[in-house]
Amino acid sequence: MSEPRIAIVTGAARGIGAATAIRLAEDGHAVAVLDLNGDQCAATVDTIVAQGGRAFAVAADVSDEASVAAAFETIIAGLGEPTILVNNAGILRDNLLFKMTTSDWDAVLGVHLRGAFLMSRSAQRYMRNAGFGRIVNLSSISALGNRGQANYAAAKAGMQGFTKTLAIELGQFGVTANAIAPGFIQTDMTAATAERLHIPFDEFIAGAAAEIPVGRVGQPADIANLASFLVSEGAGFVSGQVIYVAGGPTD
């Protein structure tokens, strides 16, 4: 068991974020469950509390500097100073390049990259003071390139460079930074991709599973399990890494 700490998980109302928040609470950490709409975090918070954990919902727009600052004030007042941060918040605005609008590009880069920057910049001061910190950023296999996702792929590739730089800058203060790059994970986001492609979701899942060496698609818990390790004391010599969780090898 890791020492109980204060954790923040962004985009934690559902999917990978919710699974990660619940897993970190199971590990003994108090969790700030952060999402754009705090009311949508109720299910995640209720699950954690029902299991005897500590959590509360925090509404914030991670791409907005003032909103992030206010969120940290709320978290510190309610739980304490955070030393674990999982930057999971993300959105999709998929389209082919010639159809992609500037607003679609800016929105995706804003939530993913600007959001991770603002959250990490705020969190690192408390990590440095504590002499311990763990930052986990969610990248994606799409960082390798994916048709119809120029904005998302760019954001997720950028997340990897951002992570490596954090590892270099913050390592001397006892802070590690790593990125998880999921492959096909069964979430609302992949369901939205299936809808965009006009493919029934069950067929989309079956087709993806047929191409994955382990013979199945991923689940949010697969990512949460790795995040649990990366934020632990036992992962103190793992930093600056991009770990693909895709059920098989990647390029």
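Structure's up top.
The structure presented is a predicted model; accordingly, all values stated were derived computationally and were not measured.

K.L.:
Any details on the sheet that holds strand 1 (residues 6–10)? Residues and values, ideally.
P.N.:
Sheet architecture is open: seven strands sit in the order 3-2-1-4-5-6-7, paired in parallel fashion. Looking at the sheet topology across the chains shown, the edges are occupied by strand 3 (55–59) and strand 7 (242–245). Within the sheet, the average angular offset between the axes of one strand and its neighbour, ignoring direction, is 20 degrees. Pairing of strand 4 (residues 84–87) with strand 5 (residues 133–138) involves four bridges; the strand directions are parallel. By the bridge assignment for strand 5, N87 is matched with N137.

K.L.:
Tell me about the packing of helix 3 (residues 65–78) against helix 4 (residues 102–130), and please be specific about residues and values.
P.N.:
Between helix 3 and helix 4, whose axes approach to 10 Å, the crossing angle comes to 40 degrees. Our pair here, helix 3 against helix 4, has a crossing hand that is right-handed. Each of E65, V68, F72 and I76 in helix 3 lies in contact with helix 4, whose residues at this interface are R114, L118, M119, R121, S122, A123 and Y126. Within the contact of helix 3 with helix 4, the residues separate by chemical class into seven nonpolar, one polar and three charged.

K.L.:
Give a detailed account of the nonpolar core, specifying residues and quantitative values.
P.N.:
In terms of nonpolar packing, the biggest core is built from 31 residues, with I8, L34, V58, F72, M119 and I135 touching the most fellow members. Contributions of two or more residues to this core are made by strand 1, strand 2 (30–35), strand 3, helix 3, helix 4, helix 5 (150–170) and strand 6 (175–182). For this core, the leading source of residues is helix 4, giving seven residues. When sequence neighbours within four positions are dropped, the list of residues in contact with I8 reads A32, L34, F72, I75, P82, I84, L85, V86 and M119. Core analysis: the next-biggest nonpolar cluster, separate from the first, contains 26 residues, A21, V33, V86 and V231 among them.

K.L.:
Explain the side chain of S63 to me, and be specific about the residues and the numbers.
P.N.:
Turning to its location among the elements, S63 is positioned in the loop between strand 3 and helix 3. Looking at S63, its side chain comes within polar contact range of the side chain of D61, at 2.7 Å. Aside from chain neighbours lying at most four places away, what touches S63 is G110, V111, R114, G115 and L118.

K.L.:
Help me get a handle on the pairing of strand 5, residues and values and all.
P.N.:
Two faces, one strand: in a regular strand the side chains alternate between the faces of the sheet. Buried residues dominate strand 5, accounting for six of its six residues. Side chains G133, I135 and N137 of strand 5 all project onto a buried face; the interleaved residues R134, V136 and L138 project onto the opposite face, where all are buried too. Once you follow strand 4 into helix 4 and on to strand 5, the crossover reads as right-handed. The pairing of strand 5 with strand 6 spans six bridges and is classified as parallel. Note that in strand 6 the partner of G133 across the bridge is V175. You can see the chain leave strand 5, run along helix 5 and come back into strand 6, and the turn it takes is right-handed.

K.L.:
Which residues make up helix 2 (residues 42–50), and what values go with them?
P.N.:
Listed as buried for helix 2 are T44, V45 and I48. Buried residues of helix 2, viewed axially, fall in a sector of 95 degrees; they line one side. Turned more than 90 degrees away from the buried face of helix 2 sit A43, D46 and A50, all of them exposed. On its buried side, helix 2 packs onto helix 1 (15–26), strand 2 and strand 3. Positioned one or two residues after helix 2, G52 has a phi angle of 90 degrees, which is positive.

What counts, and at which threshold
- Residues numbered from 1 in each chain as written.
- Predicted model: local features only at pLDDT ≥ 70, side-chain atom pairs only at ≥ 80, totals over all residues.
- Heavy atoms only, no water.
- Pairing = 2+ DSSP bridges.
- Helix = DSSP H or I, 4+ residues; strand = E, 2+ residues; numbered from the N terminus.
- Axes fitted to C-alpha atoms, helices over the stretch in contact; angles between N-to-C directions.
- Left-handed = near helix turned anticlockwise from the far one by under 90°.
- Contact = heavy atoms within 4.5 Å.
- Nonpolar A, V, L, I, M, F, W, Y, C, P; charged D, E, K, R; others polar.
- Core = buried A, V, L, I, M, F, W, Y, C linked by side-chain atoms within 4.5 Å.
- Buried < 20%, exposed > 50% of the residue type's maximum accessible area, 1.4 Å probe, protein only.
- Polar contact = N/O pair within 3.5 Å; in protein donor to acceptor, adjacent residues only side chain to side chain.
- Right-handed = clockwise from strand over helix to strand, strands pointing away.
- Arc of directions from axis to C-beta.

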